[in-house]
Amino acid sequence: MERHAERELAILTAIEEGRPLSQRALAHRLGVALGLTNLLLKRLAKKGYIKLVEFPKKPAARKRLQYLLTPQGIAEKTRLTYEHMSYSLSLYRRARQTLRESLRDLPAQGVKRVALYGTGEPAELAYLTLKEFGLEPVGIFAVEGNGEFLGFPVRPLSELHGVDYDGVILATFERPESQLAELARANVPAHKVLALRRPSTTPPDEAPS
């Protein structure tokens, strides 16, 4: 699913929730600049998917603004949701196939100590695939260690250097460039990293197309 489509779906979903949401809060939710959020909202309004309404909180108060979905916007959100689900299922299958192909011969090669970097559904998939091949993760790591995941304590990435590992599974379905950079800064050799999604060969376009 294209990045701009993901952002449009996120905006339409946020608006449909009906809760007050400033552009600044929406920008934080999307993880993009405020200016880009404003541009995205204008494009959605131009397409007829959302409309801007204003209403006074009190008769003498300054008017507040609120975005609402139009019937066309509701239809577009439904379409994008279906597209996102299809994309997610395809990505899940590809990631599982990548893991199986990569892990299949590792035990015979003496690679048995594998760490997981990341939590959530991608890490669950990686954990289940490891178990298929009789492997148990030596630990689960994140930038900041906190709580537990799959019965393991989530340890900070800074502790990985003290662990004896043969490889690290980068467990994310998102673009892995930023996480690869984090692992590189932690002195994890690139040849020991297995990403569920291949990094892009071109810089991501931050502006919607």
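Rules and cut-offs
- Residues numbered from 1 in each chain as written.
- Predicted model: local features only at pLDDT ≥ 70, side-chain atom pairs only at ≥ 80, totals over all residues.
- Heavy atoms only, no water.
- Helix = DSSP H or I, 4+ residues; strand = E, 2+ residues; numbered from the N terminus.
- Contact = heavy atoms within 4.5 Å.
- Expected span 1.5 Å × (residues − 1).
- Buried < 20%, exposed > 50% of the residue type's maximum accessible area, 1.4 Å probe, protein only.
- 1 Å grid on protein atoms, 1.4 Å probe; cavity = no way out; pocket = protein on both sides within 12 Å on 5 of 7 lines; lining within 4 Å.
- Points joined across faces, edges and corners; volume = space filled by probe spheres on them.
- Nonpolar A, V, L, I, M, F, W, Y, C, P; charged D, E, K, R; others polar.
- Axes fitted to C-alpha atoms, helices over the stretch in contact; angles between N-to-C directions.
- Parallel < 35°, antiparallel > 145°, perpendicular 65-115°, else oblique.
- Salt bridge = Lys/Arg side-chain N within 4 Å of Asp/Glu carboxyl O.
- Pairing = 2+ DSSP bridges.

### Quick notes on the environment of L160
1) Next: Relative to the assigned elements, L160 resides in the loop between β6 (152-156) and β7 (167-170).
2) Next: In this structure the C-alpha to C-alpha distance between L160 and F141, which are 19 residues apart in sequence, comes to 7.5 Å.
3) Next: Filtering out sequence-adjacent residues up to four positions away, L160 remains in contact with A115, F141, Y165, V168 and V188.

### Some thoughts on helix α1 (residues 3-16)
For the α-helix, the turn length of 3.6 residues means that residues three or four positions removed from each other point alike.
1) Next: Here α1 contains 14 residues, and its C-alpha end-to-end distance of 20 Å stays within 8% of the 20 Å for a straight helix at 1.5 Å per residue.
2) Next: For α1, the full list of buried residues reads H4, A5, R7, E8, L9, I11, L12, A14 and I15.
3) Next: G18 occupies a position one or two residues after α1 and carries a positive phi of about 80°.

### Considerations on the layout of surface pockets
Empty pockets left among the atoms are what a rolling probe the size of a water molecule brings to light.
1) Next: Estimates place the volume of the largest pocket at around 420 Å³.
2) Next: Lining the largest pocket are 19 residues, with E6, H84, Y87, S88 and E174 sitting closest to its centre.
3) Next: Contributions of two or more residues to the lining of the largest pocket are made by α1 and α4 (71-103).
4) Next: Among the elements that make up the lining of the largest pocket, the one with the highest residue count is α4 (seven residues).
5) Next: Its residues placed into classes, the lining of the largest pocket shows nine nonpolar, three polar and seven charged.

### Notes on the packing of helix α2 (residues 23-30) against helix α3 (residues 34-46)
Pairs of packed helices are described in terms of their axes, by the angle between the two and the distance that separates them.
1) Next: It is at 9 Å that the axes of α2 and α3 come closest, and there the two elements cross at 100°. In terms of their interaxial angle, α2 and α3 are classed as roughly perpendicular. Listed contacts from α3 to Q23, R24, L26, A27 and L30 of α2 are L34, T37, N38, L40 and L41.
2) Next: Of the residues in the contact of α2 with α3, the class split is six nonpolar, three polar and one charged.

### Section: the pattern of salt bridges
Here the idea is simple: oppositely charged side chains can pair when their charged atoms come close.
1) Next: Scanning the entire structure with this criterion turns up 11 salt bridges.
2) Next: Residues R155 and E159 are paired through a salt bridge, measuring 3.0 Å at the closest nitrogen-oxygen approach.
3) Next: Classification of E159 as partly exposed rests on a relative accessible area of 35%.

### Some points on the pairing of β6
1) Next: Pairing of strand β4 (residues 139-142) with β6, which is carried by three bridges, proceeds in the parallel orientation. Bridge pairing in β6 places I140 opposite V154.
2) Next: Bridging between strand β5 (residues 148-149) and β6 involves two bridges; their strand directions are antiparallel. What sits directly across from E148, in β6, is P153.
3) Next: The loop that links β5 with its antiparallel partner β6 comprises two residues; one of these, L150, has a positive phi angle of about 60°.

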